[in-house]
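Coordinates in review
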Amino acid sequence: DSITMNNIIVDIPGEIDSLVIIGAHYDGAVASKYYQAATDNASGVVALLSIAKHIGHSKFRTKLCFWDGEESTSNLVFNGSKYFVNSEVDKHRIRWYCNLDCCGRLNDDIYLYYSQSIQDLCSNAYELVSTYDNPNFNILKKIQNNRGSDYVPFMNAGIPIWGWNDCSTLKFNHTIDDRQDKVSISKIQYISTITLKMLQFL
């Protein structure tokens, strides 16, 4: 019941002081000490590391957040992101939050999910994503509810959210079968590249 958790946050200055946040949880489920947790959520962490490597100059002030405690701990979830939202002094400046969780599964589908409020910022965001060269993946869009991952604390605080997920198959989630051979590196590369491009429009 007494666990120390650590968020890792990279703060990147921008021309505009509005704050955008991209996050991925780096903890695995409690039982993941017995397995790799390759898709949930090493895939999201690799995508965020790729974004960190290539982001360069940013239009908006950007925070890249590696969350701890997303998985259930003492019946609590989203511990790191919830703490961040509750303690962020610049919360009123957050333009949007992008979440990377289970976004590298070895299949053809990618879900681009978002809250309805993101439409007010960029009504044609999905169309912009669809214009990028993508011969290998089916991009599916859906309005997201307020459960499931680290976007929840942001959504509950009224902050527009969007993100990537490919949970069409959850059979090996939180199991010993969540191995590296279930991960598509090309999909992770695609998602990180598109996320960087979307920084220009959102």
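Read on for a plain summary of the structure. Everything quoted here is computed from the prediction, not taken from an experiment.

**A look at the nonpolar core**
By size, the foremost hydrophobic cluster in this structure holds 34 residues, and its most contacted members are Ile22, Trp96, Leu100, Trp162 and Trp164. Elements with a contribution of two residues or more to this core: β2 (14–25), α1 (38–54), β3 (58–67), β4 (94–100), β5 (109–114), β7 (161–165) and α6 (185–198). Sorting elements by how many residues they give to this core places α6 first, with 6 residues. Among the nonpolar cores identified, the runner-up in size contains 15 residues, and Ile21, Phe84, Tyr97 and Val152 belong to it.

**Observations regarding the sheet that holds β3**
Across the sheet, 7 strands lie side by side as β1-β3-β2-β4-β7-β5-β6; this open sheet has mixed pairing. In this open sheet, the two strands that pair with only one neighbour each are β1 (8–12) and β6 (138–143). If you compare each strand with its neighbour and ignore which way they point, the axes differ by 20° on average. By the bridge criterion, 6 bridges tie β5 to β6 in an arrangement that is parallel. What sits directly across from Tyr113, in β6, is Lys142. Along the sheet face, helix α2 (residues 79–87) touches β1, β2 and β3 and points at about 135° away from the line of β3. Of the strands in this sheet, β2, β4, β5, β6 and β7 are in contact with α6, which crosses β7 at around 160°.

Procedures and definitions
- Residues numbered from 1 in each chain as written.
- Predicted model: local features only at pLDDT ≥ 70, side-chain atom pairs only at ≥ 80, totals over all residues.
- Heavy atoms only, no water.
- Core = buried A, V, L, I, M, F, W, Y, C linked by side-chain atoms within 4.5 Å.
- Buried < 20%, exposed > 50% of the residue type's maximum accessible area, 1.4 Å probe, protein only.
- Helix = DSSP H or I, 4+ residues; strand = E, 2+ residues; numbered from the N terminus.
- Pairing = 2+ DSSP bridges.
- Axes fitted to C-alpha atoms, helices over the stretch in contact; angles between N-to-C directions.
- Contact = heavy atoms within 4.5 Å.

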